[in-house]
Amino acid sequence: MTDLTIKLNNGELMPAIGLGTWRANESGLLAQTIKTAIGLGYRHIDCAKLYGNQEEIGKALKEVDVPRKDLFIVSKFEENRHRPELVAGALDEILNELQLEYLDLLLMHWPYAIKPEANAMSFASSDIENVPIMDTWRAMEDLVSTGKVRSIGVSNFNQTILEKMIPQCRIVPAVNQVEIHPYLQAKELVKFCKKSGIAVTGYCPLGGRRVNVMNDNFIKHVAEAHIGTPAQVALSWALARGIAVIPKSTNEIRLKQNLHQVTLTSDEMRMIGKIERHERKVDPASDNEELEWVFHEDKMECPVI
Ligand code: A2P
């Protein structure tokens, strides 16, 4: 089912299954992967400036035979572009790399900011700076009327930050993109986002490299019962919760497989709900504990919203 969509709070439709592109260029097959995926029916492509591969994606997009209006292209700007005066330029850089006139969805990649002159991937304390999240967000709100972006949203935002942010927003984030898989289910956050009209996209929906969801005995058992694969179970479980997913694959068979769900019973959904391990793969606090507030809001408060 490739026509499954999620309606955003501004009425735009986001295809519920997208193609993830983080680390997708390691095999040297990215351009071909994009073309194959679109040929198979993928219409949502998840990109980011930080992934360093948007030029290749842009070239591939030029070569596909699908009208731009039928694609849903997402990108995210880097942490060193949070100062409000840099946000419009950050979007222009992304559009240039992707060779596009507009994005369907622009996300603030992380809630923390890095100094403009520093590498966006730096975790050095001396490179981290306190730019109020709302200042960055207001600059994003201003981009919508330029026509260069249809929807705006956030990524890696916890509930506490969103709760403080929402009353101050002229435009409530359309999407919060966060790590979600059966070992990190984000139940409270998903509930809060839904209640607030924020769609959720789950990244690393298969657990990625370090979190071995696909080897989980229960997931494997459910897969066998449906004559499907563990990946299909993990993706179907997220989709049944109303969460968009952006699995990445460079393999045609797996790309195809990831577009087709299995129908899980309510008992299976409930049982998968119980295999939660709070196992987070992506956490900036593992590089610098000053960033603990990003995902451990009980331990440290966000310094500036
Ligand atoms: P490959 O590109 O060889 O298919 P995530 O999106 O959660 O980060 O997971 C991506 C990883 O999962 C990649 O290593 C990808 O490898 C693998 N993968 C993607 N789809 C499937 C699938 N259907 N079955 C098994 N592995 C998959």
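Keep in mind that this is a model prediction, so the values were computed, not measured.

The next thing to look at is empty space enclosed by the protein. For the structure on display, the rule yields 1 cavity of 30 Å³ or more. Quantified by volume, the largest cavity comes out at close to 40 Å³. Surrounding the largest cavity, Lys-49, Phe-77, Glu-78, Arg-81, Ala-90, Glu-93 and Ile-94 form its lining. A per-element tally of the lining of the largest cavity places helix H3 (residues 84-98) first, with 3 residues.

It is worth spelling out the environment of Asp-283 at this point. Relative to the assigned elements, Asp-283 resides in the segment after helix H10 (266-273). Given a relative accessible area of 15%, Asp-283 falls into the buried group. Residues Asp-283 and Asp-104, 179 residues apart in the sequence, show an inter-C-alpha distance of 27 Å. Not counting residues within four places of it along the chain, the set of residues in contact with Asp-283 comprises Phe-295 and His-296. From its side chain, Asp-283 meets the backbone nitrogen of Ala-285 in a polar contact 2.9 Å long.

What follows covers the side chain of Asn-53. Following the sequence through the fold, Asn-53 ends up in the loop between strand S4 (44-46) and helix H2 (54-62). Taking the relative accessible area as the measure of exposure, Asn-53 reaches 3% and is therefore buried. If near-sequence neighbours (up to four positions away) are discounted, Asn-53 is found in contact with Thr-21, Ala-24, Asn-25, Leu-30 and Ala-48.

Our next topic: the site of the ligand. The full set close to the ligand counts 14 residues, and Ser-249, Thr-250, Arg-254, Gln-257 and Asn-258 are the nearest of them. A distance of 3.4 Å separates an oxygen atom of the ligand from a polar backbone atom of Pro-205. Here a nitrogen atom of the ligand sits 2.7 Å away from a polar atom, N or O, in the side chain of Gln-257. When isolated, the ligand has an accessible area of 570 Å², and the protein chains bury 77% of it. One can see that the ligand is located within the largest pocket. A per-class count over the shell around the ligand returns 6 nonpolar, 6 polar and 2 charged.

The rules behind each value
Residues numbered from 1 in each chain as written. Predicted model: local features only at pLDDT ≥ 70, side-chain atom pairs only at ≥ 80, totals over all residues. Heavy atoms only, no water. 1 Å grid on protein atoms, 1.4 Å probe; cavity = no way out; pocket = protein on both sides within 12 Å on 5 of 7 lines; lining within 4 Å. Points joined across faces, edges and corners; volume = space filled by probe spheres on them. Helix = DSSP H or I, 4+ residues; strand = E, 2+ residues; numbered from the N terminus. Buried < 20%, exposed > 50% of the residue type's maximum accessible area, 1.4 Å probe, protein only. Contact = heavy atoms within 4.5 Å. Polar contact = N/O pair within 3.5 Å; in protein donor to acceptor, adjacent residues only side chain to side chain. Near = heavy atom within 4 Å. Areas by Shrake-Rupley, 256 points an atom, 1.4 Å probe, with all protein chains shown as cover. Sits in = over half its atoms within 2 Å of the grid points. Nonpolar A, V, L, I, M, F, W, Y, C, P; charged D, E, K, R; others polar.

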